[in-house]
Structures are given as structure tokens and as C-alpha cells.
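# Chain and residue survey
This is what each chain is made of:
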Amino acid sequence: MKIILIHGIGENDPGWSDALNADQILGVAPDRIVEFHYDDLMAHTWLSRLLVRAAKMFIPVPAAVKAISSLQDYVNDILMYFVVPGVRAKILKRLSGVLREYPDAIVMGYSLGSIVAYETLKIHPQDARNHILVTLGSPLGSPLLQTLVKRFLKVPDFTRPNVPAWFNLYSPLDVLSGRIDGLGCHPQDQFRVKVFHNMQTYLYHTKRLLPHIFKPVTPY
């Protein structure tokens, strides 16, 4: 069973999963890790930056978020994903193709990558039937970002994706994450850990709390 890792901000250069020692942390063979990249589809142009600035003027971003300068890059990327024409559709299409290539993989999305994973599995239910979804440090549950994210979450409805299992790891020390309510992630499948917004640390806790999902099922 392959493990599709979807990065957030900062872990997007080829080989980023090797730099995180993801295979060693998860206790799997390196060839089980599939890196999913989407940063090249994020339109970092003057027009996209203008659209993001304009969006921040008209969208009720919480004052607490605006006051924390370290969060601005995350907010900007979330807005770019949602408001810049074509960006979101291209990313979801690319991930949908990867899901079809590996039809029974574990899909692990971190930060903005968790939104990408959730939306793709939700919008393409035929690609989700045999996948396990793991969301790490997800803005889908962030109390600070929830209003912003749900305003733009372009899914048919807010029911659970068509996956056999969905696990969510969140932390009170990570303001970009939280318990996911109203989207179908069961309470017993959500785990409160103590980490800052760091993918490597979330991976450690995922292996500790969910060791059973990394056992090989189907060899490739």
C-alpha cells in the first residue's frame, strides 16, 4: 500500500519527504512514499498577489489572524488556492490522477495539503472508495480559519468523503489546526497531540497513534 504525502507551505521541493525522513518516521520502505507536488500550480504572479490582497479586503479574516504576522503566508496561500482562477481546479485534477494510479493508498495531507486531499476525495467519490485519509495540522478544523475555509470550500455538501477511514491529528499549540466538526470525521478518529505546526512532528505522532495503517496490504 502506497502512502501519498501532500505537503503544506515550505515542504515543496523535490525530495522534501526524504529531507523529513518520512519513510524512517513511518517505518516503511522508501518506495512506498509518493510525494505529491502542487506548488508549481500556485500562481505566484503579480496578478495573483493582487487578487489575494483584494480578497483580504472583502473577506472577514479574523482579527486574531491578521494580528499574527507569522500566519500571513499561510492565509495568503489558502486564499490563493481558493480565489485565483484555475489554481484549485488544476491541483485537484492532478491529485485525482495520482489517486487513480494508486487506488488503495493512504492519503496524508498536511496543512493546506489536507484541504487538497479532502476536496479531491470529496469531489471525486469514485477515487475515494479504498483510500485512507489522514489530515495533519488541518485548517479544516482551525477555530481561527474555519470561517474563512468553509466560506470557500467548494464541495457538493459537507458530508463525509467516500473513504473507509479518516483520521485527523490536531494540536492546541497549532492555531492552524483543530478538531474537524461537521465534515464527517468521527470523534473517535480524531487525536489531540501537543505539537507546533510542523509536518515531521505530526508524522511521528501519526506512526505512534496509528501504527496499524502502515502495515503492507497490497505490494506494488
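The shown structure was predicted, so the numbers you read here are calculated from the model rather than taken from an experiment.

Analysis parameters
In every chain, residue numbers begin from 1 and rise along the written sequence. Totals for whole chains, interfaces and linings use every residue, but because this is a predicted model, local features are given only for residues with pLDDT of at least 70 and side-chain atom pairs only at 80 or more, for both listing and counting. Each side-chain value is derived from all of the structure's non-hydrogen atoms; neither hydrogens nor water enter the calculation. Relative accessibility decides the category of a residue: with a 1.4 Å probe and only protein chains considered, values under 20% of the type maximum give buried, values over 50% give exposed, and everything between is partly exposed. Where helices and strands are cited, they refer to DSSP runs of H or I of at least four residues and of E of at least two residues respectively, numbered from the N terminus. Two strands form a pair only when DSSP identifies at least two bridges running between them. A crossover counts as right-handed when, viewed with the strands pointing away from the observer, the path leading from the first strand over the helix to the second turns clockwise. One side-chain nitrogen of Lys or Arg within 4 Å of one carboxyl oxygen of Asp or Glu is enough to make a salt bridge. With a 1 Å grid laid over protein atoms only, a set of points is called a cavity when a 1.4 Å probe fits there but cannot get out and a pocket when it is open yet has protein on both sides within 12 Å along at least five of seven lines; lining residues have an atom within 4 Å of a point. Grid points are joined across faces, edges and corners, and a volume is the space filled by probe spheres set on the points. Polarity classes work like this: nonpolar for Ala, Val, Leu, Ile, Met, Phe, Trp, Tyr, Cys and Pro, charged for Asp, Glu, Lys and Arg, and polar for all others, with Gly in that last group. In this description, a line fitted to the C-alpha atoms serves as the axis of each element, helices being fitted only across the stretch in contact, and the angle between N-to-C directions of two axes falls anywhere from 0 to 180 degrees. The contact rule is simple, with two residues in contact once any of their heavy atoms fall within 4.5 Å. Oblique is the label for any angle not covered by the other classes, which are roughly parallel (under 35 degrees), roughly antiparallel (over 145) and roughly perpendicular (65 to 115). Definition used in this section: a nonpolar core is a set of buried Ala, Val, Leu, Ile, Met, Phe, Trp, Tyr and Cys residues joined via side-chain atoms within 4.5 Å.

Taken across its five residues, strand β4 (residues 132–136) has five buried, putting it largely inside the fold. Of the two faces of β4, the one holding Ile 132, Val 134 and Leu 136 and the one holding Leu 133 and Thr 135 are both buried throughout. In this structure, strand β3 (residues 106–110) lies alongside β4, joined through five bridges in parallel fashion. Note on β4: the bridge partner recorded for Val 107 is Leu 133. In the classification by handedness, the crossover that spans β3, the intervening helix α7 (residues 112–123) and the parallel β4 is right-handed. For the crossover that starts at β4, traverses helix α8 (residues 146–152) and ends in the parallel strand β5 (residues 165–170), the hand is right-handed.

Next up on the list: the pattern of salt bridges. Tallied over the entire structure, the rule returns three salt bridges. A salt bridge links Glu 119 to Arg 88, with the shortest nitrogen-to-oxygen separation between them at 3.0 Å. Of the two residues, Glu 119 sits in helix α7 while Arg 88 sits in helix α6 (residues 87–101), which places them 31 residues apart along the sequence. A relative accessible area of 0% places Glu 119 in the buried class.

Secondary-structure assignment places Arg 100 in helix α6. Sequence separation of Arg 100 and Asp 127 is 27 residues, and the distance between their C-alpha atoms is 6.1 Å.

Under the definition given, this model contains one cavity of 30 Å³ or more. Here the largest cavity is characterised by a volume of approximately 30 Å³. In terms of lining residues, the largest cavity is bounded by Ile 9, Tyr 74, Ile 78, Ser 111, Leu 112, Pro 139, Leu 145 and Leu 176. For the lining of the largest cavity, the class distribution of residues is seven nonpolar, one polar and no charged.

Taken together, the six strands give an open sheet; going across it, the order is β2-β1-β3-β4-β5-β6, and neighbouring strands pair in parallel fashion. Each edge of the open sheet is held by one strand with a lone partner, namely β2 (33–36) and β6 (190–192). Looking at each pair of strands side by side, their axes are set apart by 15 degrees on average, direction ignored. Alignment of strand β1 (residues 3–6) against β3, held across four bridges, turns out to be parallel. Within β3, the position partnered with Leu 5 by the bridge is Met 108. Sheet strands touched by α7: β1, β2, β3, β4 and β5. Its angle to β3, the strand with the most contacts, is close to 135 degrees. Against the sheet, helix α9 (residues 199–209) touches β1, β3, β4, β5 and β6, its axis set at about 130 degrees to β5.

A pair of packed helices is captured by two measures, namely the crossing angle of their axes and the spacing between those axes. For the pair helix α5 (residues 72–83) and α6, the least separation of the axes is 5 Å and the interaxial angle reads 90 degrees. Overall, the two elements α5 and α6 adopt an arrangement that is roughly perpendicular. Where α5 approaches α6, its residues Met 80, Tyr 81 and Phe 82 are matched on the opposing element by Val 87, Arg 88, Ile 91 and Leu 92. Tallied by class, residues from the contact of α5 with α6 come to six nonpolar, no polar and one charged.

β5 sits mainly inside the fold: six of its six residues count as buried. Alternating positions in β5 separate into two faces, Ala 165, Phe 167 and Leu 169 on one and Trp 166, Asn 168 and Tyr 170 on the other, with burial throughout. Alignment of β4 against β5, held across five bridges, turns out to be parallel. Each residue of the ladder has a partner; that of Thr 135, found in β5, is Asn 168.

Turning to the nonpolar core, a few remarks are in order. Ranked by internal contacts, the top residues of the largest apolar core, which has 48 residues, are Ile 4, Phe 36, Tyr 81, Ile 91 and Leu 153. Counting residues per element, the ones that place at least two in this core are β1, β2, α3 (46–58), α5, α6, α7 and α8. What Phe 36 contacts, discounting residues up to four positions off in sequence, is Ile 4, Leu 5, Ile 6, His 7, Trp 16, Ile 91, Arg 94, Leu 95, Val 98 and Val 116. Counting residues in each nonpolar core, the second largest holds 28 residues, with Val 134, Phe 191, Leu 203 and Phe 214 among its members.

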